[in-house]
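Residues per chain, in single letters:
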Amino acid sequence: MQTVPWGVVSTAGTGIGHHLAEYTTLRLGGPAMRLVVADTAAAAVETVTVADTDNTGLLVLGGGSNLVIGDDGVAGTVLRMANKGVEVSRDGEQASVDLAAGEDWDDVVARLVTEGVGGLECLSGIPGRVGATPIQNVGAYGCEISELLISARVHDRSSGRVTEWAPADLGFSYRSSVLKGTARGLVLGVRLRLRRDGMSMPIRYAELARVLGVETGSRVPAAEVRAAVLELRRGKGMVLEPSDHDTWSAGSFFTNPIVADSEIETVLARIGDVVGDTARIPRFPATEGTKLSAAWLIEHAGFPKGYAGAGGRVSLSTKHTLALTNRGSASTADLLALAREVRDGVSSRFGVTLHPEPLLLNCAL
Ligand SMILES: Cc1cc2nc3c(=O)[nH]c(=O)nc-3n(C[C@H](O)[C@H](O)[C@H](O)COP(=O)(O)OP(=O)(O)OC[C@H]3O[C@@H](n4cnc5c(N)ncnc54)[C@H](O)[C@@H]3O)c2cc1C
């Protein structure tokens, strides 16, 4: 086997190694026996190969911003992706951009926008690392990574081969891909198709267009869009700020529920019975049916911003109903108890089941 340079942060063979709370934006998660920080793609592949061959268990970790880890932690190896590389090449009027999985996502977005490369501006301020972006098809303000992705370089954990996966291979859908929640593949990097003229993608999101003072469909200098997105996100506690407990979260805890066309009228009628008027229910067309707003459903089921559980150790963010937050001394059990209360409250009031957006590891709702 190839000897590769990597930083082994801890190889505690027995007993408690690292506390994973230090590696998640929720600041939650129990111990890990062994943590490997891989600063090359080869090191990452080797770590995965050894763990898969020995069947010892593996958690691939980026920025820990979409993970809820149980209080008992994880067995086996935690592999933190830290390989680096940003390469921009000319592709006619466009730019083809290769990013290594261990790059910090928002640092990359900031750098590209500053260099006059447009396309990622609506995805500004999303925490985490590049390699996780295809996993749940990250999206915000009318843009999803799937629209910009040429391919992802993936180590297939069953065949052991590293190949380029096209968007069709990744099976993207709303906040998901074929890789989400599986042990199928390790993302080593992504290749994106962006713009070289420094302009944004067409602005689709009404709130963003309003703040920018433009019609939806307009293109605007990418730097202006990034600034507006960051401001909007800060107002919702959606930009990490260590001193602000509203940002000690995994972002949106629940995905917006998508209701099939065959059921939507019944569902709307039931919600309308409770709130008194179906016209007020926010809804958006989606490829698979109609998307409802999880935040709106939660609020109207009786859980306002700041709603607390576990003696105040956890609460809904005071800025955004959809973020479940650690107020400083919470456990994962506290967080999940609040999540259950909210999910069950929405279900009993409206008959709509909310599903968690982050990956739940060694814990369950
Ligand atoms: C304040 C806040 C705001 C957020 N806003 C948004 C938002 O607007 N839109 C949005 O879509 N998300 C949002 N998120 C969620 C999260 O930031 C994204 O999903 C992000 O892409 C996760 O990246 P990460 O590196 O932290 O992944 P992690 O949390 O470390 O990992 C997430 C999952 O991906 C897997 N994984 C990570 N890297 C790899 C890899 N290289 N190969 C294979 N599997 C891998 C992990 O095993 C895990 O299952 C937000 C989160 C927070 C805390």
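Residues numbered from 1 in each chain as written. Predicted model: local features only at pLDDT ≥ 70, side-chain atom pairs only at ≥ 80, totals over all residues. Heavy atoms only, no water.

Engineer: Quick question: what am I supposed to make of the overall build of the chain here?
Structural biologist: Across its full length, the chain carries eight helices and 20 strands. A globule of 365 residues ought to have a C-alpha radius of gyration of about 21 Å, and the chain, at 21 Å, matches this closely. For the chain, the C-alpha atoms occupy an extent of roughly 65 × 55 × 40 Å along the three principal directions. Scored against the burial criterion, the 365 residues of the chain give a buried share of 51%. For the chain, long-range pairs separated by at least 24 residues make up 64% of all intrachain contacts whose partners lie at least 6 apart in sequence. Split by element, the accessible area of the chain, about 15,600 Å² in all, is 49% carbon and sulfur. (Helix = DSSP H or I, 4+ residues; strand = E, 2+ residues; numbered from the N terminus. Rg over C-alpha atoms; globule rule 2.2 N^0.38 Å. Buried < 20%, exposed > 50% of the residue type's maximum accessible area, 1.4 Å probe, protein only. Contact = heavy atoms within 4.5 Å. Areas by Shrake-Rupley, 256 points an atom, 1.4 Å probe, with all protein chains shown as cover.)

Engineer: Please explain the pattern of salt bridges as it appears in this structure.
Structural biologist: Opposite charge on two side chains lets them pair, provided their charged atoms get close. With the rule as written, the count across this model stands at 14 salt bridges. Ionic pairing is found between Asp52 and Arg157, a salt bridge with its closest N-O pair at 2.8 Å. On the criterion of sequence distance, the pair formed by Asp52 in helix α1 (residues 41-54) and Arg157 in the loop between β11 (149-156) and β12 (162-165) is long-range, its members being 105 residues apart. We classify Asp52 as partly exposed; its relative accessible area is 29%. Between Glu207 and Lys236 there is a salt bridge, and its shortest N-O distance comes to 3.0 Å. (Salt bridge = Lys/Arg side-chain N within 4 Å of Asp/Glu carboxyl O.)

Engineer: Would you explain the packing of helix α2 (residues 105-114) against helix α5 (residues 222-235) in this entry?
Structural biologist: What describes two packed helices is the angle between their axes and the distance between those same axes. With their axes 9 Å apart at the nearest point, α2 and α5 run at an angle of 145° to one another. Every residue of α5 that contacts α2 at Asp106, Val109, Ala110 and Val113 is listed here: Ala222, Ala223 and Arg226. (Axes fitted to C-alpha atoms, helices over the stretch in contact; angles between N-to-C directions.)

Engineer: What exactly am I supposed to notice about unusual backbone geometry here?
Structural biologist: Even without being a glycine, Arg175 presents a positive backbone phi close to 50°. According to the relative accessible area criterion, Arg175 is buried, its value standing at 13%. Located in the positive-phi region is Asn362, a residue other than glycine, with phi close to 55°. Looking at where Asn362 falls in the secondary structure, it is placed in the segment after β20 (359-361).

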